[in-house]
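Listed here are the chains, written in short residue letters.
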Amino acid sequence: MKLASWYLEGSNLRPLIAAPDLQTVQSSAVIEARIITAPLRAEELFIRIKREDSGAIRRLLEHTYTTTGNEPELWQRYEAYYDDLYGRTKTEDGNGYRLDEYILVRDDQGNLVSKYNPDGSLRATPVIVYYQSEFQVFEKIFTELMHKEFEEQRGLKY
């Protein structure tokens, strides 16, 4: 039935019948452990990004200093930090993001997955990098650390 459903163009049932099989979920203990360690891992990632010696923030700093000679705006820093969090790299024209193995996107269950191969083609099976609930904790801590760093410690305000 699943094989035949690919040929039912326009059918309302097609997405339900022909949807990819769901990945097997790891044990709840493993997921719970990942949620518990998410704050520590978010802090470790933030410390690594905060050094500003690689990734999107490094590219932003180099571009801003060479074109304007000034510090980047606060919103640009936030965007660069989030680009590093999500593994995003802007395209050459700066209007979008490259689809490669580093970019994390949400799947149908809300998990952050590595969905693309290095050449930009879709993987046969996306690799779950963060489970939905795990990433909610991870992103919350990461955002709190950014707020504390930029607005409280550096005094940068919108």
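In short, a report on the structure. Nothing here was measured: the structure is a model prediction, and the numbers come from that model.

What counts and how
Residues numbered from 1 in each chain as written. Predicted model: local features only at pLDDT ≥ 70, side-chain atom pairs only at ≥ 80, totals over all residues. Heavy atoms only, no water. Helix = DSSP H or I, 4+ residues; strand = E, 2+ residues; numbered from the N terminus. Buried < 20%, exposed > 50% of the residue type's maximum accessible area, 1.4 Å probe, protein only. Contact = heavy atoms within 4.5 Å. Areas by Shrake-Rupley, 256 points an atom, 1.4 Å probe, with all protein chains shown as cover. Salt bridge = Lys/Arg side-chain N within 4 Å of Asp/Glu carboxyl O. Core = buried A, V, L, I, M, F, W, Y, C linked by side-chain atoms within 4.5 Å.

**A few points about the overall build of the protein chain**
Part 1: If you tally the helices and strands in the protein chain, you get six helices and three strands.
Part 2: Reading the protein chain from its N terminus to its C terminus gives the helix and strand order α-α-α-α-α-β-β-β-α.
Part 3: Across the 158 residues in the protein chain, those meeting the buried criterion constitute 32%.
Part 4: Counted over contacts in the protein chain with a minimum sequence separation of 6, partners at least 24 positions apart contribute 45%.
Part 5: If you sum the accessible surface of the protein chain, you get close to 10300 Å²; carbon and sulfur atoms cover 56% of it.

**Let's talk about the pattern of salt bridges**
Part 1: With the rule as written, the count across this model stands at 11 salt bridges.
Part 2: The salt bridge involving Glu52 is made with Arg77; its shortest N-O contact spans 2.7 Å. Note that Glu52 is positioned in the loop between α3 (28-50) and α4 (55-67) and Arg77 in helix α5 (residues 74-86), a separation of 25 residues in sequence. One exposure class covers both Glu52 and Arg77, and it is buried.
Part 3: Ionic pairing is found between Glu79 and Lys90, a salt bridge with its closest N-O pair at 3.5 Å. Remark: Lys90 occurs in the loop between α5 and β1 (104-106) and Glu79 occurs in helix α5; sequence separation between them is 11 residues.
Part 4: With a relative accessible area of 28%, Glu79 lands in the partly exposed category.
Part 5: Lys90 sits in the partly exposed class, given a relative accessible area of 34%.
Part 6: Because the salt bridges share partners, they merge into one network encompassing Arg34, Arg41 and Glu134.

**Observations regarding the nonpolar core**
Part 1: Membership of the largest hydrophobic core comes to 25 residues, with the highest contact counts inside it found for Tyr81, Leu85, Phe138, Phe142 and Met146.
Part 2: Secondary structure elements with two or more residues in this core: α3, α4, α5 and α6 (132-153).
Part 3: A total of seven residues in this core trace back to one element, the largest contributor, which is α5.
Part 4: The residues touching Phe138, leaving out its near neighbours within four places in the chain, are Ala38, Arg41, Ala42, Leu45, Leu85 and Tyr130.

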